[in-house]
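Structural features, examined
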Amino acid sequence: MTKAHQGNLVTAELLARFWAWKGQEVDPAACPVRDVLDRVGEKWTTLLLILLAEGPKRFSELQRGVPDISKRMLTQSLRNLERDGLITRTVFPTKPPSVEYALTEMGQSVMTPLAHLLNWAETHHQGIRDARARFDQAQEPQRNLIPYA
């Protein structure tokens, strides 16, 4: 079986799952794909999961690992990941108390598909940037023709 054929089977299976959900009267919030992708697709989630895949980290280590995240956003992102069962938060009874975050078993299991996505992103990043540049260049003359409202 060729890779292209395997890819078509994967696509067919994914489409079959999508259409099975689509044909039902379902609350969009109950869709497992939307629900999971909403979390994984958040701005900081993937970066935090990658850092925690290296091993448990304290809050300050995570903040240094993602220097452009605010403390408030880091706190919120970690709470969301803990709520979803992807990480644990352990408080140690020291003075002052120290807190450590780690991936759960479920959090570790998301790293395999995430690694495939990261590899795909690295492979296709330049092509995406080139396509954006071509698109933006083609749109530029049209922008000048559209009157401002």
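Residues numbered from 1 in each chain as written. Predicted model: local features only at pLDDT ≥ 70, side-chain atom pairs only at ≥ 80, totals over all residues. Heavy atoms only, no water.

Under an unreviewed UniProt entry, the protein has the name Transcriptional regulator and belongs to Thalassobius vesicularis.

Between two packed helices, what matters for the description is the angle formed by their axes and the separation of those axes. Close contact between helix H3 (residues 45-53) and helix H5 (residues 71-83) brings their axes to 10 Å; oriented N to C, the two are set at 75°. Between H3 and H5, the crossing angle belongs to the class labelled roughly perpendicular. Across from Thr-45, Leu-48 and Leu-49 in H3, the residues of H5 making contact are Leu-74, Ser-77, Leu-78 and Leu-81. Partitioned by chemical class, the residues of the contact of H3 with H5 number 5 nonpolar, 2 polar and no charged. (Axes fitted to C-alpha atoms, helices over the stretch in contact; angles between N-to-C directions. Helix = DSSP H or I, 4+ residues; strand = E, 2+ residues; numbered from the N terminus. Parallel < 35°, antiparallel > 145°, perpendicular 65-115°, else oblique. Contact = heavy atoms within 4.5 Å. Nonpolar A, V, L, I, M, F, W, Y, C, P; charged D, E, K, R; others polar.)

Ranked by size, the top nonpolar core spans 20 residues in total, and within it Leu-48, Leu-49, Leu-62, Leu-78, Ile-87 and Tyr-101 carry the most contacts. Residue contributions to this core peak at 4 residues, all from H3. Apart from the residues lying within four places of it in its own chain, the contact partners of Ile-87 are Leu-52, Leu-78, Leu-81, Glu-82, Tyr-101, Ala-102, Leu-103 and Thr-104. (Core = buried A, V, L, I, M, F, W, Y, C linked by side-chain atoms within 4.5 Å. Buried < 20%, exposed > 50% of the residue type's maximum accessible area, 1.4 Å probe, protein only.)

Counted under the stated rule, the structure contains 3 salt bridges. With a closest N to O distance of 2.6 Å, Glu-42 and Arg-39 form a salt bridge. With a relative accessible area of 12%, Arg-39 lands in the buried category. Here Glu-54 makes a salt bridge to Lys-57, at a shortest N to O gap of 3.4 Å. Residue classification places Lys-57 among the buried residues on the basis of a relative accessible area of 13%. (Salt bridge = Lys/Arg side-chain N within 4 Å of Asp/Glu carboxyl O.)

Let us look at the sheet that holds strand E2 (residues 87-92). An order of E1-E3-E2 is seen for the 3 strands of this open sheet, with the pairing classed as antiparallel. Among the strands making up the open sheet, the edge pair consists of strand E1 (57-58) and E2. Bridge count between E1 and strand E3 (residues 98-103): 2 bridges; the pairing is antiparallel. Counted as the bridge partner of Arg-58 is Glu-100 from E3. Relative to E3, H3 is tilted by about 95°, and along the sheet it contacts E1, E2 and E3. (Pairing = 2+ DSSP bridges.)

Let us look at the side chain of Lys-57. Tracing the backbone through its elements, the reader meets Lys-57 in strand E1. A polar contact is formed between the side chain of Lys-57 and the side chain of Glu-54, at a distance of 3.4 Å. Those residues in contact with Lys-57 that lie beyond four places of it in its chain are Leu-51, Leu-52, Leu-62, Val-99, Glu-100 and Tyr-101. (Polar contact = N/O pair within 3.5 Å; in protein donor to acceptor, adjacent residues only side chain to side chain.)

Because each turn of an α-helix spans 3.6 residues, side chains separated by three or four positions end up pointing in the same direction. Those residues of H3 not exposed but buried are Thr-45, Thr-46, Leu-48, Leu-49, Leu-51 and Leu-52. One or two positions beyond H3, positive phi appears at Gly-55, with a value near 140°.

Now for the pairing of E3. Of all 6 residues in E3, 5 are buried, a share of seventy percent or more. The turn joining E2 and E3, which pair antiparallel and follow one another in sequence, is formed by 5 residues.

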